[in-house]
Amino acid sequence: MWRLVLPFLLFLLGWGVVVDRALARFGLSHPVLDTPAKTTAYGWFLVGIFVVGAVLSYNLAALVYRFTRGAPRNTVHPPAMRRSGGGTAGLLAPYQRIGLILAGGGAKGAYQAGAMRAIWEFLEEHDAIDRVRMVAGTSIGSWNAMFWIAGLVRPPATGGPSAHEAWWSAIRPERILDFDWFVPMMQNHIARSTPWRTAFQQIFRDTPAIHDRLATLLSSRHAPTPAPLNFYLTRSNVEAAVLEFTTNSWGMAELERIDPQTGARVPVFDTSLYHVLDGADPPGAFQELEDAVFASMDIPPVFPLTRMKASGFGTEWFEDGGVIENLPMLFGTQVEHCDLLFVLPLNATFRAPVNHRSIIARLSRVMEARQGVIERNAFKLAYLYNELHQATGKSLVSIFAICPAGRLAVGTVDFHKRREAGAAYRLMYDATAQELKEGFGNLTPQWIRLATVGANGERRRVDEF
């Protein structure tokens, strides 16, 4: 951040010196303030001068930041190949359709990333990694989802950290954003995601082995076989205020439900609410995949609104999927009908110390509580899903859920905490591996539990949904 803050302060100081000398030259440094009107006018004049200087200084500092931040390198390795775990296959034998649900939460995604590695290794140990049928992500969950579907979650056979862990262990502002030009009353954002998009392209598009793996998941409309893994990346339609998503599943149009009013069979999703990537046009599909990820992560008011293809006809404006739904569990239940879901919320624990001094802390607390309520409601809907299916004799879904809790070392906006993010990854990896070992065998669809992980790795279970 010093690349922006230090130049800003220097430019602002320089502006003050220039203005002071200009006022002195024209005899305005000591005006005759003999009436309230003159005093008020002079005060507003100085405020205006300061605002102009602050805007100019910010834009010049943003230019300095852009030219000095450099181009960070990203760790990439071949995608993980299937391993035979040789573990107790019976533990996962009942589950044939497994899904992964990834919440939004900004820099707290470091915790989610560590949990993902533990889950991957657990599935491999029990020879069930090939039974993962779907991944759904919102906001930072969409970014983390890309590493899962690209096979970059587990460390490579050659040793060293995985590309996923390496990315989180190296986070800093210059790796994810450029500070944009700012013109008051003319724009609603302060930065651009250009460096983050560059990382996406280097890792997922320009690395041949990763590109080829992703290409196998992007099929054409008339492909003879469906993709082995479906993904769903959500976003919020700004104008319509509805949740939309991008997927690689052409089967979306065939999904139907019973309309409770008419009894007729109707589509689960209107075609205007989703866009399917067409593997018949690989360059176009990869560009649309990139746009889908960054529309899902379009954090307001940090990044500009994302304009992209909506439902195949025209374009619309989108922002962060977490604005409407932060834990897209419905894709694992109502869409994919999984019998086992690994759910990784990031805001579903509520307790936090009350801050009476900071406006920013208060606003942050409001947002985190709101996101936490949304995530808790997703669990309630999963309960409802199981109750309805049990009444009709359909299969139920078991849920393994784990979430960081307490006073977190990495908060939603803490993309500058590189060391803390690496520690958060390892903390959640160890805690999730232990929870899988001790608690997975007790899963039951009739009683959903959420394991929480404290700052020192202590675990407890929550079930008041």
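Before reading further, recall that the structure is shown in the block above.
Everything numeric in this text was worked out from a predicted model, so none of it was measured. (Residues numbered from 1 in each chain as written. Predicted model: local features only at pLDDT ≥ 70, side-chain atom pairs only at ≥ 80, totals over all residues. Heavy atoms only, no water.)

## What to know about the nonpolar core
Now for step 1: Trp143, Trp148, Phe204 and Phe342 are the most contacted members of the largest nonpolar core, which has 87 residues in total.
Now for step 2: In this view, Trp148 contacts Leu100, Met116, Ile119, Trp120, Leu123, Ile129, Val132, Val135, Val153 and Leu229; residues no more than four positions away in its chain are not counted.
Now for step 3: In terms of nonpolar packing, the next biggest core, distinct from the first, is built from 33 residues, Trp250, Val268, Met329 and Ala378 among them. (Core = buried A, V, L, I, M, F, W, Y, C linked by side-chain atoms within 4.5 Å. Buried < 20%, exposed > 50% of the residue type's maximum accessible area, 1.4 Å probe, protein only. Contact = heavy atoms within 4.5 Å.)

## With respect to unusual backbone geometry
Trans peptide bonds make up the majority, and among non-glycine residues the majority have a negative phi.
Now for step 1: Put simply, Pro300 and Pro301 share a cis peptide bond, and its omega is 0 degrees.
Now for step 2: Position of Pro301 among the secondary structure elements: in the loop between helix H9 (282-296) and strand E10 (306-309).
Now for step 3: Phi at Ala241 is positive, roughly 55 degrees, even though this residue is not glycine.
Now for step 4: With respect to the secondary-structure elements, Ala241 resides in the loop between strand E5 (230-237) and strand E6 (242-247).
Now for step 5: Note on Ala241: relative accessible area 54%, which makes it exposed. (Helix = DSSP H or I, 4+ residues; strand = E, 2+ residues; numbered from the N terminus.)

## Details of the pairing of strand E12 (residues 340-344)
Now for step 1: Counting buried positions along E12 gives five out of five residues, so the element sits mostly inside the fold.
Now for step 2: Residues Leu340, Phe342 and Leu344 point to one face of E12 and Leu341 and Val343 to the other, with burial holding for every one of them.
Now for step 3: As judged from the five bridges shared by strand E1 (residues 98-102) and E12, these two strands associate in the parallel manner. The partner of Ile101 across the bridge, within E12, is Val343.
Now for step 4: Both E12 and strand E13 (residues 398-404) contribute to a ladder of four bridges, which runs parallel. Note that in E13 the partner of Leu340 across the bridge is Ser398.
Now for step 5: As for the winding sense of the linkage, the β-α-β connection from E12 through helix H11 (residues 359-392) to E13 is right-handed. (Pairing = 2+ DSSP bridges. Right-handed = clockwise from strand over helix to strand, strands pointing away.)

## So, the packing of aromatic side chains
Now for step 1: If you walk through the whole model with that rule in mind, you get 28 aromatic pairs.
Now for step 2: Here Trp196 and Phe415 contribute two aromatic rings whose centre-to-centre distance is 5.8 Å and whose plane-to-plane angle is 70 degrees, an arrangement assigned as edge-to-face. With Trp196 in helix H7 (residues 194-205) and Phe415 in the loop between E13 and helix H12 (418-439), this pair connects stretches of sequence that are 219 residues apart.
Now for step 3: Note on Phe415: relative accessible area 8%, which makes it buried.
Now for step 4: Taking the centre distance of 5.2 Å and the plane angle of 55 degrees together, the rings of Phe200 and Phe204 count as tilted. Here Phe200 and its partner Phe204 are both found in helix H7, four residues apart, which amounts to about one turn of the helix. (Phe/Tyr/Trp six-rings, centres within 6.5 Å; stacked < 30°, edge-to-face > 60°.)

## Re the packing of H7 against helix H8 (residues 208-215)
Now for step 1: At a minimum axis distance of 6 Å, the contact between H7 and H8 shows a crossing angle of 80 degrees. As judged from the angle between their axes, H7 and H8 are roughly perpendicular. Contacts from Ile203, Phe204 and Arg205 of H7 reach H8 at Ile210, His211 and Leu214.
Now for step 2: Of the residues belonging to the contact of H7 with H8, the class tally is four nonpolar, one polar and one charged. (Axes fitted to C-alpha atoms, helices over the stretch in contact; angles between N-to-C directions. Parallel < 35°, antiparallel > 145°, perpendicular 65-115°, else oblique. Nonpolar A, V, L, I, M, F, W, Y, C, P; charged D, E, K, R; others polar.)

## Focus on helix H4 (residues 140-149)
For an α-helix the count is 3.6 residues per turn, leaving residues at separations of three or four pointing the same way.
Now for step 1: When you tally the buried positions in H4, you get 10 out of 10 residues, the bulk of the element.
Now for step 2: What H4 keeps buried is the set Ile140, Gly141, Ser142, Trp143, Asn144, Ala145, Met146, Phe147, Trp148 and Ile149.
Now for step 3: Just downstream of H4 lies Gly151, where phi reads positive at about 75 degrees.

## Section: the environment of Arg365
Now for step 1: Looking at the secondary structure, you find Arg365 in helix H11.
Now for step 2: Its relative accessible area of 31% is what places Arg365 among the partly exposed residues.
Now for step 3: Contacts of Arg365, omitting those with residues within four sequence positions, involve Phe350, Arg351 and Ala352.

## Description of the packing of helix H3 (residues 109-125) against H4
Now for step 1: Closest axis-to-axis distance for the H3/H4 pair is 10 Å, and the angle between their directions is 30 degrees. Here H3 runs over H4; the crossing is right-handed. Taken together, the residues of H4 that come into contact with H3 (itself represented by Gly109, Gln112, Ala113, Met116, Ile119, Trp120 and Leu123) are Ile140, Gly141, Asn144 and Trp148.
Now for step 2: Classifying every residue of the contact of H3 with H4 gives seven nonpolar, four polar and no charged. (Left-handed = near helix turned anticlockwise from the far one by under 90°.)

## A closer look at the environment of Ala253
Now for step 1: Secondary-structure assignment places Ala253 in the loop between E6 and strand E7 (256-258).
Now for step 2: By relative accessible area, which is 56% here, Ala253 ends up exposed.
Now for step 3: Distance in space between the C-alpha atoms of Ala253 and Arg213 is 25 Å, their sequence separation being 40 residues.

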